[in-house]
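Structure at a glance
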Amino acid sequence: MSFRPFNNNVSIVAFEKNNQRYAMTVAWATQVGYDYIVLLLGSQSETGQAISKGDLIGVSVLSKAQKDIAAQIGETHSTKFDKLKDVSLHEFGMAYTIKNSVCEMCAEVVDVLHLDGIEDDNLVYAKVVKYTTNGNDYLTTVSYTHLTLPT
């Protein structure tokens, strides 16, 4: 699908569960209330499959300078490679954020939804419990050509 009506931010979701660290690059994430966010995580994602209600996750909205981090984390599955190795992190219990991101959020998963048309994917609805901001030089899907939509 070549339809791209929005220029979304590029974010990283990262957390640890059952002694396994998970991280993924996310193109579809947005704020839906003062302290609520949603993220659409594809069905192929080990990170998306591991997330469940009540989990604490880190969400980092990347800056343009963090394009290489987006590529590194988006390249492979979490169980095959420690995607967070050599990445400068903040830890919030089992949630991880990428240092110096435009926005670093620690969020609690309120629900994981499966909606008509995206039944296999995971629409993660989460409440932000802590955040920090650092500028506004967002890495967006338009400036990060590595992300492609299915045709």
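Residues numbered from 1 in each chain as written. Predicted model: local features only at pLDDT ≥ 70, side-chain atom pairs only at ≥ 80, totals over all residues. Heavy atoms only, no water.

1. What about helix α2 (residues 67-74)?
Selection rule: The buried label goes to any residue with under 20% of its type's maximum accessible area, the exposed label to any with over 50%, and the partly exposed label to all in between, with areas taken from a 1.4 Å probe on protein chains only. Where helices and strands are cited, they refer to DSSP runs of H or I of at least four residues and of E of at least two residues respectively, numbered from the N terminus. Arc, as used here, means the arc of the directions from the helix axis to the C-beta atoms.
Of all the positions in α2, only Ile69, Ala70 and Ile73 are classed as buried. One face of α2 carries all of its buried residues, which in axial projection span an arc of 100°.

2. A short note on the pairing of strand β7 (residues 95-98)
For a regular strand, side chains alternate in direction, first toward one face of the sheet and then toward the other. The line we're drawing: Pairs of strands are assigned from DSSP output, requiring at least two bridges between the strands.
The two faces of β7 match: Ala95 and Thr97 on one face and Tyr96 and Ile98 on the other face are all buried. Relative to β7, strand β6 (residues 89-92) runs antiparallel, the two being bridged by four bridges. Each bridged residue has a counterpart across the sheet, and for Phe92 the counterpart in β7 is Ala95.

3. Re the environment of Leu56
Convention followed: It only takes one pair of heavy atoms within 4.5 Å for two residues to be counted as in contact.
Its place among the elements puts Leu56 in strand β5 (residues 56-61). Classification of Leu56 by relative accessible area gives partly exposed; the value is 31%. A C-alpha to C-alpha distance of 23 Å links Leu56 and Glu75, two positions 19 residues apart in sequence. Not counting chain neighbours up to four residues away, the residues in contact with Leu56 comprise Phe15, Phe92, Met94, Ala95, Cys106, Ala107, Glu108 and Val129.

4. Section: unusual backbone geometry
Unusually for a residue other than glycine, Asn19 sits at a positive phi of about 60°. Looking at the secondary structure, you find Asn19 in the loop between β1 (11-17) and β2 (20-26).

5. Examining the pattern of salt bridges
As a reminder, the rule being used: Put simply, a salt bridge is a Lys or Arg side-chain nitrogen that is within 4 Å of an Asp or Glu carboxyl oxygen.
Evaluation of the coordinates by the stated rule reveals four salt bridges. A salt bridge links Lys17 to Asp55; the nearest nitrogen and oxygen atoms lie 2.9 Å apart. With Lys17 in strand β1 and Asp55 in the loop between α1 (46-50) and β5, this pair connects stretches of sequence that are 38 residues apart. By the burial criterion, Lys17 is buried, and Asp55 matches it. Of the charged contacts in the structure, one is a salt bridge between Asp82 and Arg21, with a shortest N-O distance of 2.9 Å.

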